[in-house]
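As a plain string of letters, each chain reads:
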Amino acid sequence: MVKLTIDLIARGTSGYTKKKRDESMQQYLKRLTHLYLEDRCIDEVGEDLSMCRNLTVLYLYDNQLLKIPILHHNQHLTMLYLQNNDIHKIENLSPLTRLIKLYLGGNCITVIEGLDKLEHLQELHIENQRMPPGEKLLFDPRTLRAISSSLQVLNIAGNNLDSIKDIECLRNLYQLHANDNLLTDMKELAHVIGGMFRLWRLDLMGNPLCHKAKYRDRVIVMAKNLDVLDGKEISETSRRFLHSWHDAREVQKKRREEHLRKGSGEFRDSALLRELPPVKDYPRPPPKIPGYMMPGLPRKQFDEILARTNSNLAEDTTQQTHSASVKTRSGILRSKLPDIFGTSLSIALKRGSISVDVGAVSNRKDLQRMLPLSRSLTRLPQHLSGGGGRGSHLL
């Protein structure tokens with residue numbers, strides 16, 4: 001058991017506020033603004049603390065206090081740290097009208113009350129209260145209404161809460177820490193945080209509703225200006241996409257309700273279909289089998305070339321019949337063909353077979369086009385075969 005004394009107060013100051021030699025203890029305590037009295041096993045705060053008139057920050061966490069000390073002489077306090085004590089009730093805080101931050105986590109408090117006069121309170125931390133089994137943290141409506149205009153940060157994590165409907169009036173919250181509770185209702189959550197237009201950070205991890213489908217996406221849609229959810233930052237792209245999707249869905253929902261209200265029957269809209277429409281399977285035409293083998297050459301042009309070849313062959317046959325100068329080399333009779341493809345070809349007839357002299361063919365493509373022409377010459381005049389009767393053959 002330790003009671004707060006002047007000597008303990010003097011040792012609870014920082015190195016920057018040491019007592020001067022010519023300074024009295026009363027003057028020294030009056031000059032103090034910060035007191036570090038954490039983890040000193042203090043269970044009672046006496047009247048000596050009232051001498052610290054200009055105190056603004058008081059650290060009394062990790063002690064054994066059974067109640068909040070009377071601090072009506074310390075009206076300049078702006079920050080009060082009372083975590084991890086044995087406090088059961090919020091009291092004795094009405095004189096601290098300048099209080100901005102109040103830390104009460106890790107105590108035995110069951111009701112948030114007694115804050116009616118703290119009109120400038122911005123942060124209230126009351127997480128992880130050690131309550132009897134089956135009990136949960138309760139909220140006094142008068143207290144919540146009193147601090148609703150100023151409160152910006154609320155930490156109610158780990159307090160067996162199954163509903164946060166009572167904090168609906170806290171419209172100016174910037175941060176809400178409600179993790180490790182028993183929240184399950186997504187509709188209630190949407191109703192509560194949907195009115196907190198300044199909320200940019202929300203912690204809900206450890207609640208059953210976190211296991212519901214599309215939990216994160218749904219919460220981002222609920223809170224328009226949310227930047228951090230469960231410790232993870234929300235990208236601007238994700239926020240815009242989800243909000244656009246939600247707005248489009250709401251428009252379609254209203255249109256459907258109007259159609260149903262007018263009695264127009266079933267409402268059909270492709271935007272509401274969740275499944276993609278089936279892909280049409282058009283019948284494929286049967287493959288065409290070409291009637292001639294001449295790759296890369298149109299049929300009409302092929303017929304013209306073939307007719308022109310036949311007529312030229314007939315003219316050459318007539319000229320060679322009346323010609324006396326026929327050159328014979330080694331039993332091979334050569335006859336000049338017309339220049340059909342811009343190259344000089346000759347058909348050599350030897351031993352009843354037809355061969356193509358490709359000496360003047362410029363490339364392989366020309367040769368592929370000319371070979372079918374040679375096969376089309378199925379019969380030649382008998383006198384061109386050198387009288388042997390073997391010049392007329394089918395290929």
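Residues numbered from 1 in each chain as written. Predicted model: local features only at pLDDT ≥ 70, side-chain atom pairs only at ≥ 80, totals over all residues. Heavy atoms only, no water.

### Some words on the side chain of Asn207
Where we set the bar: Strands here are runs of E lasting at least two residues and helices are runs of H or I lasting at least four, both read from the DSSP assignment and numbered beginning at the N terminus. Burial status follows relative accessibility: with a 1.4 Å probe on protein chains alone, a residue under 20% of its type maximum counts as buried, one over 50% as exposed, and anything between as partly exposed. Throughout this description, a polar contact denotes any pair of N or O atoms lying within 3.5 Å of each other; where both atoms belong to protein, one of them has to be capable of donating a hydrogen while the other can accept it, and for residues adjacent in sequence the pair is counted only when both atoms sit in side chains. Contacts: residue pairs with any heavy atoms within 4.5 Å of one another.
Tracing the backbone shows Asn207 in the loop between strand 12 (201-203) and helix 5 (215-222). Asn207 gets classed as buried once you look at its relative accessible area, which sits at 1%. In this structure the side chain of Asn207 is engaged in a polar contact, spanning 3.3 Å, whose partner is the backbone nitrogen of Leu182. Here Asn207 is in contact with Ala178, Asn179, Asp180, Asn181, Leu182 and Leu183, once residues within four sequence places are set aside.

### Remarks on unusual backbone geometry
Keep in mind that most residues, glycine aside, have a negative phi and that most peptide bonds are trans. Its identity as a non-glycine residue notwithstanding, Asn128 has a phi of 55 degrees, on the positive side. In this structure, Asn128 sits in the loop between strand 8 (123-125) and strand 9 (138-139). The class of Asn128 is partly exposed, set by a relative accessible area of 44%. Despite not being glycine, Lys214 shows a phi value in the positive range, around 55 degrees. Relative to the assigned elements, Lys214 resides in the loop between strand 12 and helix 5.

### Brief notes about the packing of aromatic side chains
Convention followed: Centre distance within 6.5 Å is the pairing criterion for rings of Phe, Tyr and Trp, where only the six-membered ring of Trp is used; planes under 30 degrees apart are then read as stacked, over 60 as edge-to-face, and the remainder as tilted.
Enumeration over the complete set of coordinates arrives at 4 aromatic pairs. For the pair Tyr59 and Tyr61, a centre-to-centre distance of 6.3 Å together with 80 degrees between the ring planes defines the contact as edge-to-face. Residue Tyr59 is classed as buried on the basis of its relative accessible area of 18%. Measuring from centroid to centroid gives 4.4 Å for Tyr81 and Tyr103, while their planes differ by 10 degrees, and the two rings are stacked. Highlighted residues: Tyr81 in strand 5 (residues 79-81) and Tyr103 in strand 6 (residues 101-103), separated in sequence by 22 residues. Tyr103 shares its class with Tyr81; the two are buried.

### Considering a positive patch on the surface
Note the cut-off: Residues enter patches when their relative accessible area tops 30% and they take part in no salt bridge; the joining distance is 9 Å for like charges and 5 Å for the nonpolar side chains Val, Leu, Ile, Met, Phe, Trp and Tyr. Note on areas: Shrake-Rupley, 1.4 Å probe, and residue coverage restricted to the protein chains presented here. What makes a salt bridge here is a side-chain nitrogen of Lys or Arg within 4 Å of a carboxyl oxygen of Asp or Glu, nothing more. When charges are counted, Lys and Arg contribute as positive and Asp and Glu as negative, whereas His and the chain ends are disregarded. Taken as the charge centre is NZ of Lys, CZ of Arg, CG of Asp or CD of Glu, depending on the residue.
Residues Lys187, Arg249, Lys253 and Arg256 make up a contiguous surface patch of positive charge. Here the positive patch takes 3 residues from helix 6 (residues 236-262), the largest share from any one element. With respect to the helices, strands and loops of the structure, Lys253 is situated in helix 6. Classification of Lys253 by relative accessible area gives partly exposed; the value is 40%.

### Considering the pattern of salt bridges
Applying the stated rule across the entire model yields 8 salt bridges. Lys101 is the salt-bridge partner of Glu123, the closest N and O atoms lying 3.8 Å from each other. Of the two residues, Glu123 is situated in strand 8 and Lys101 in strand 6; the sequence distance between them amounts to 22 residues. Overall, Glu123 belongs to the buried group, its relative accessible area being 16%. Note that Arg142 and Asp140 form a salt bridge whose closest N and O atoms lie 4.0 Å from each other.

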